[in-house]
Each structure stands twice: as C-alpha cells, then as structure tokens.
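Survey of secondary and tertiary structure
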Amino acid sequence: MMKLDVLYFAWVRERIGEPRETVETDAATVADLVGELSAREERYAVAFSDLSALRVAVDQELAEFDAPLQGVREVAFFPPMTGG
C-alpha cells in the first residue's frame, strides 16, 4: 500500500468536486489507479469515463495510462491542452 497525492484540473476537478486528495492504493499503473478511483463513487466514474479526453502527469512529467506508479508521489489528471 502506498500513498499518492492525486490532483485534478479543469473539468475533471469540477466533476470530482475537489482539486486534490491523498489516496492509499495498491495500483501498479495509472490505469489501475483510475480503475480504483472509478469504482469508488459515481462522480469518479463520470470523470474517468472517457480516458481519450484525459491526460495524466506522474510526478509532474507527462505520462501514459500504463505508466508504473512504484516510487511515484503525485499523479495529476487534466484535459488535453489546446494550442494558442
């Protein structure tokens, strides 16, 4: 079991209802973490229902959903950035 800070930005934060939380997890990858969070409550399931509409950063580095979580302290979820 490890503790992670999970951060939510933009509409992800709005759907979940908080900007960050600390979670205890056995998840091996970001995708496993998403599965655990989605199983918690409907608001998480809604926020994570379309992973193609989400990006993830692991310890402030862009990552894929299959990124391992061993040794990670922070995971952030946010919509894709638009150019400008």
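Below, the structure is looked at part by part. None of the values given here were measured: they were computed from a predicted structure. (Residues numbered from 1 in each chain as written. Predicted model: local features only at pLDDT ≥ 70, side-chain atom pairs only at ≥ 80, totals over all residues. Heavy atoms only, no water.)

1. Some thoughts on the nonpolar core
Using the following cut-off: Throughout, nonpolar core names a set of buried Ala, Val, Leu, Ile, Met, Phe, Trp, Tyr and Cys residues whose side chains join them through atoms within 4.5 Å. Throughout, exposure labels follow a simple rule: accessible area from a 1.4 Å probe, protein chains only, divided by the maximum for the residue type, with under 20% read as buried, over 50% as exposed, and the rest as partly exposed. Secondary structure elements follow DSSP: runs of H or I no shorter than four residues count as helices, runs of E no shorter than two count as strands, and numbering proceeds from the N terminus. Contact between two residues is taken to exist if any of their heavy atoms lie within 4.5 Å; hydrogens are not considered.
Counting residues in hydrophobic clusters, the biggest one holds 23 residues, and the most contacted among them are Y8, V30, L33, L37, F48 and F77. Elements that contribute at least two residues to this core include exactly β1 (2–8), α1 (11–16), α2 (30–40), α3 (42–47), β3 (55–58) and β5 (74–78). In terms of residue count, the dominant contributor to this core is α2 (four residues). V30 has contacts with V56, V58, E64, F65, A67, L69 and F77, leaving out every residue within four places of it along the chain.

2. Considerations on the pairing of β1
Selection criterion: One requirement defines pairing of two strands: DSSP has to find at least two bridges between them.
Bridge count between β1 and strand β2 (residues 20–25): six bridges; the pairing is antiparallel. Across the sheet, the residue bridging to K3 is E24, located in β2. As defined by bridge partners, β1 adjoins β5 across four bridges and the pair is classed as parallel. Within β5, the position partnered with V6 by the bridge is V75.

3. A look at unusual backbone geometry
Positive phi outside glycine occurs at D59, with the angle close to 50 degrees. Topologically, D59 is positioned in the loop between β3 and β4 (61–63). A positive phi angle is found at Q60, which is not glycine, with a value near 65 degrees. Mapped onto the elements of the fold, Q60 is located in the loop between β3 and β4.

4. Remarks on the sheet that holds β4
Stated formally: Angles here are taken between N-to-C directions and fall from 0 to 180 degrees, while the axes themselves are lines fitted to C-alpha atoms, restricted in helices to the stretch in contact.
Strand order across the open sheet formed by five strands is β2-β1-β5-β3-β4, with mixed pairing between neighbours. The open sheet is flanked by β2 and β4, the only strands paired with a single partner. Each strand of the sheet is rotated relative to its neighbour by a mean of 30 degrees, with strand direction disregarded. Across four bridges, the pairing between β3 and β5 is antiparallel. Residue pairing in the sheet places R55 in a bridge with F78 of β5. Packing of α2 onto the sheet brings it into contact with β1, β2, β3 and β5, and relative to β2 it is tilted by some 105 degrees.

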